[in-house]
Each structure stands twice: as structure tokens, then as C-alpha cells.
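Reading the structure
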Amino acid sequence: MSSSALSRLSNIHGHLHPSDSNSMIGEGLVKVSPEVSEALSCGHAVVALESTIISHGMPYPQNLETAKEVEAIVRKNGAVPATVAILDGKPCIGLSMEELERLATLGTRAQKTARRDIAHVVASRGNGATTVSATMYFASMVGISVFVTGGIGGVHRHGEQTMDISSDLTELGRTPVAVISAGVKSILDIPRTLEYLETQGVCVATYKTNEFPAFFTEKSGCKVTCRVDTPEDCARLIDANMKLKLGTGILIAVPIPKEHSASGNMIESAIQSALREARDKNITGNAETPFLLARVNEITGGASLASNIALVKNNSLVGAKIAVALAQLREREHSNRGKTF
């Protein structure tokens, strides 16, 4: 962890020590697992993971198996996974296997928790599965710079009339965490989402491509000017963003692997059908995305869910490599500073 992050933890949230069995910060409001605490204290690579995909993204036990596999991929590639959730009113950064299983079995009984919901879930001692915005908030709080998810939220279709815009976008505009995703879920309005991110001052980069990916498929038709081709490129981008104190996040969009990319026309047809159903049933707000994804999965005979799992695993692989590259970059800089004295 950088010296500034350590200072922030010590001065604002209380002392964070790797030997504590359950390291606490924020006057006991947040629990950091011993593994994550030690990694942060030693400057090792850590990757934050959201938990809504576990509770609301797929059924049990598939959700638990996927969560375990994603964490294993992060570890295999040299980083420590830090799945974020709120359990019994306690925000947890890094879950034990028992806690992962509990969250998976809770499923949709855990509240889908964005930034606006954090205080309520904590105050009511509830269980919350964190979305992108809430996970970014907690990652930034403890100094985790890299966060992996499937796809971020965005401007909903017809958002110019409904003003339905995901808080993920405003979080990216105010929280300096790099989000590794397969772009924006294709159930949303991708061009307007990119326009909104530009307004928020968010750097949007694409990984090994010039075109912004559309979650289930590799291409959206939207070009992006910032391209990164290696984990080291990404690390330098994140490092520059932090050093400049821009105060904004970075979205690094990684296309779904070719072999797992579902037919774009089939997915688009299913999306249009699901959108009509959602409007007919007046399903709006934070209930809309889970409904749409579930219906698209049903209509495509499970093809979209298989693609979803594949892209999350691929993002975890890329995200772990980026986190390792960033940790190595910071270690080299720290060593070089030491040599100048």
C-alpha cells in the first residue's frame, strides 16, 4: 500500500494491523479480513470484488461455485481477492469461505446495496450485497486501487425521459478506483452512458481493442480514444491518475473472450423482448437490471448466463494481472526513492 493510503488508514479510520484477527477501521464499523489487511500493509496486490453478482446474479449453488472460482483465479495470478459485502450490519472487506457461503445461500434476501443504501443497511444491521458503487466506496476507503466486476450499470434505455442513471457512473466520477469490466451491460444505452462518463471526467480505456465492448459481445459500435494493451499500461494509467489526484475512477473495458461471445443478434433480440416485458410490468429502479438479465438468460436458453460467468472470470484474470503490475510499479518507485537518500 502507498504511504498516503497507510496514512489515511491510520489518521482517519484507526490503526490497521495484519496481526489483528479481525482488523477494524472506521471506529469498528468496517471489518477487513486478516489476509486482505496483511496484503495491504505489505503493499501486495489486492483485487476488490462485488457481491451483488453472488446474491442477485445467479442461483445457488452456481453463485457460490462461481464466487470461489473467481477468487481462485485472482489468487492464481498473484493477487489477494477482497470480496465486499455487508453482513449483520458490518461492512466486510474480504470474506471467509463461510461468509461467502452464507451470502450465496441468502441470495436475493440480501439487499442490493448501492452507495445510497449503505447507511441504512448498516444502521438496521441488515445483510447487503454491494453493487459497483458501494464496492468502489469501500475499496477506496481502505486503499484498494483495482476492482473487478462483470459489467457496470449505466444510462438506461429511454433514460433521457426517465432519468434512470446508475449510481455506478457518478461513483466513477468521484472515487479513485480502477474498475475492470466487460463494458456496460448491453441492456442499457451504451452511447449515452459513455457521454455521461465523459461529463463526469472519467477516463474510459479499452483493453487490446479500440472499440468499447457490450458485455455479452465484443463490440458496441462505440469507439474509445484511450487504449491499453498490457497490465503494465493499465498500471501506469492508474498510477498517473492517483498521483495527479484527479479524484475520479478509471473504467478499463475488457472484451469478452471470442470463444464465449454470444451471438449479438440473438442477445439483442432477447433484450428488446425483456425490455418490453419490464415496461408492461412496470418494473423499474434497481429491480430492473436483475429482471432483464434473468429474462434474457431464459430467452437465450442459458447462453447469456454462461457468457456472463465467462467474462467475469476473464475480467478477474486481467484485473489480478493489473493489480500485480501496479504493486510492482509502486515497489520499484519506493525502492528508487530509497536509493536517492
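Residues numbered from 1 in each chain as written. Predicted model: local features only at pLDDT ≥ 70, side-chain atom pairs only at ≥ 80, totals over all residues. Heavy atoms only, no water.

As a reminder, the rule being used: UniProt positions are given in the numbering used here, feature names are shortened, and annotations may be inferred rather than shown by experiment.
The chain carries the name Pseudouridine-5'-phosphate glycosidase in an unreviewed UniProt entry, which gives Manihot esculenta as its organism. What UniProt records for the chain under Cofactor (unreviewed entry) is the sentence "Mn(2+)". Regarding the chain, the relevant UniProt record gives this comment under Subunit (unreviewed entry): "Homotrimer."

**Considering the nonpolar core**
Under the convention used in this document: The nonpolar core is taken to be a set of buried Ala, Val, Leu, Ile, Met, Phe, Trp, Tyr and Cys residues, with the residues joined through side-chain atoms within 4.5 Å. Buried, partly exposed and exposed residues are distinguished by accessible area as a fraction of the type maximum, computed with a 1.4 Å probe on protein chains only: under 20%, between the cut-offs, and over 50%, respectively. The numbering of helices and of strands both runs from the N terminus, where a helix is a DSSP run of H or I of at least 4 residues and a strand a run of E of at least 2.
If you look at the biggest cluster of nonpolar residues, it comprises 106 residues, and the most contacted ones within it are Val 36, Ile 93, Ile 144, Ile 152, Leu 197, Phe 212 and Ile 252. It is helix α14 (residues 303-339) that contributes the most residues to this core, 13 residues altogether.

**Considerations on the side chain of Lys 31**
Threshold: Identification of polar contacts relies on pairs of N or O atoms within 3.5 Å, with a donor-acceptor requirement for protein atoms, meaning one able to donate a hydrogen and the other able to accept it, and with residues adjacent in sequence counted only if both atoms are side-chain atoms.
Relative to the elements of secondary structure, Lys 31 occurs in strand β2 (residues 30-32). Within the structure, Lys 31 has its side chain in polar contact with the side chain of Glu 99 (distance 2.7 Å).

**Quick word on the packing of helix α4 (residues 62-76) against helix α5 (residues 97-106)**
Condition: Axis definition: a line fit to C-alpha positions, over the contact stretch in the case of helices; interaxial angles, taken between N-to-C directions, run 0 to 180 degrees. By convention, the crossing between two helices is left-handed when the near helix turns anticlockwise from the far helix through less than a right angle, and right-handed when the turn is clockwise. In what follows, residue pairs with any heavy atoms lying within 4.5 Å of each other are defined as contacts. Nonpolar residues are Ala, Val, Leu, Ile, Met, Phe, Trp, Tyr, Cys and Pro. Charged residues are Asp, Glu, Lys and Arg, and all others, Gly as well, are polar.
Running from amino to carboxyl end, α4 crosses α5 at an angle of 145 degrees, the nearest separation of the two axes being 9 Å. Classified by chirality, the crossing of α5 by α4 is right-handed. For the pair α4 and α5, the contacting residues are Asn 63, Leu 64, Ala 67, Lys 68 and Glu 71 in the first and Met 97, Leu 100, Glu 101 and Ala 104 in the second. By residue class, the composition of the contact of α4 with α5 is five nonpolar, one polar and three charged.

**Thoughts on the pairing of strand β3 (residues 46-49)**
We apply this condition: Strand pairing is assigned whenever DSSP detects at least two bridges linking the two strands.
Alternating residues of β3 divide into Val 46 and Ala 48 and Val 47 and Leu 49, and every residue in both groups is buried. When β3 meets strand β4 (residues 80-87), the two strands line up parallel, connected through four bridges. Each residue of the ladder has a partner; that of Ala 48, found in β4, is Ala 82. In this sheet, strand β8 (residues 146-148) lies alongside β3 in parallel orientation, the contact comprising three bridges.

**Details of helix α10 (residues 190-199)**
The condition is simple: Starting at the helix axis, one direction is taken to each C-beta atom, and the arc is that of these directions.
Taken together, the buried positions of α10 are Ile 190, Thr 193, Leu 194 and Leu 197. The arc that holds the buried residues of α10, viewed along the axis, is 95 degrees, so those residues lie on one side. What points out from α10, more than 90 degrees from its buried face, is the exposed set Glu 198 and Thr 199. At its buried positions, α10 is contacted by α9 (167-172), β10 (203-207) and β12 (250-253). Phi for Gly 201, located one or two positions after α10, is positive at around 75 degrees.

**Looking at the pattern of salt bridges**
Rules: A pair is scored as a salt bridge if a Lys or Arg side-chain nitrogen falls within 4 Å of a carboxyl oxygen belonging to Asp or Glu.
Enumeration over the complete set of coordinates arrives at 19 salt bridges. Arg 236 is the partner of Asp 233 in a salt bridge, and the nearest nitrogen-oxygen pair spans 2.6 Å. Of this pair, Asp 233 and Arg 236 both sit in helix α11 (residues 231-243), three residues apart, which is roughly one turn of the helix. Note that Arg 295 and Glu 298 form a salt bridge whose closest N and O atoms lie 2.4 Å from each other. A residue pair is termed a helical-turn pair when its members lie 3 or 4 positions apart in one helix, as Arg 295 and Glu 298 do in helix α13 (residues 288-299) at three residues. One connected set of salt bridges, linked through shared partners, spans Glu 277, Lys 281, Arg 295 and Glu 298.

**Observations concerning the pairing of β12**
A regular strand places its side chains on the two faces of the sheet in alternate fashion. Judged by which residues are buried, β12 turns out to be covered on both faces: Ile 250 and Ile 252 on one side and Leu 251 and Ala 253 on the other are all buried. Sheet topology places strand β9 (residues 178-181) next to β12; four bridges connect them, and they run parallel. Opposite Ser 181, over in β12, you have Ala 253 as the bridge partner. Pairing between β10 and β12: four bridges, direction parallel. The residue of β12 that forms the bridge with Thr 206 is Ala 253.

**Comments concerning unusual backbone geometry**
Across the junction of Tyr 60 and Pro 61, the peptide omega takes the value 5 degrees, indicating a cis bond. Positive phi is not limited to glycine here, since Asp 88 has a value of about 50 degrees. By the secondary structure assignment, Asp 88 is in the loop between β4 and β5 (90-93). Although it is not a glycine, Phe 215 sits at a positive phi angle of roughly 65 degrees. With a relative accessible area of 1%, Phe 215 lands in the buried category.

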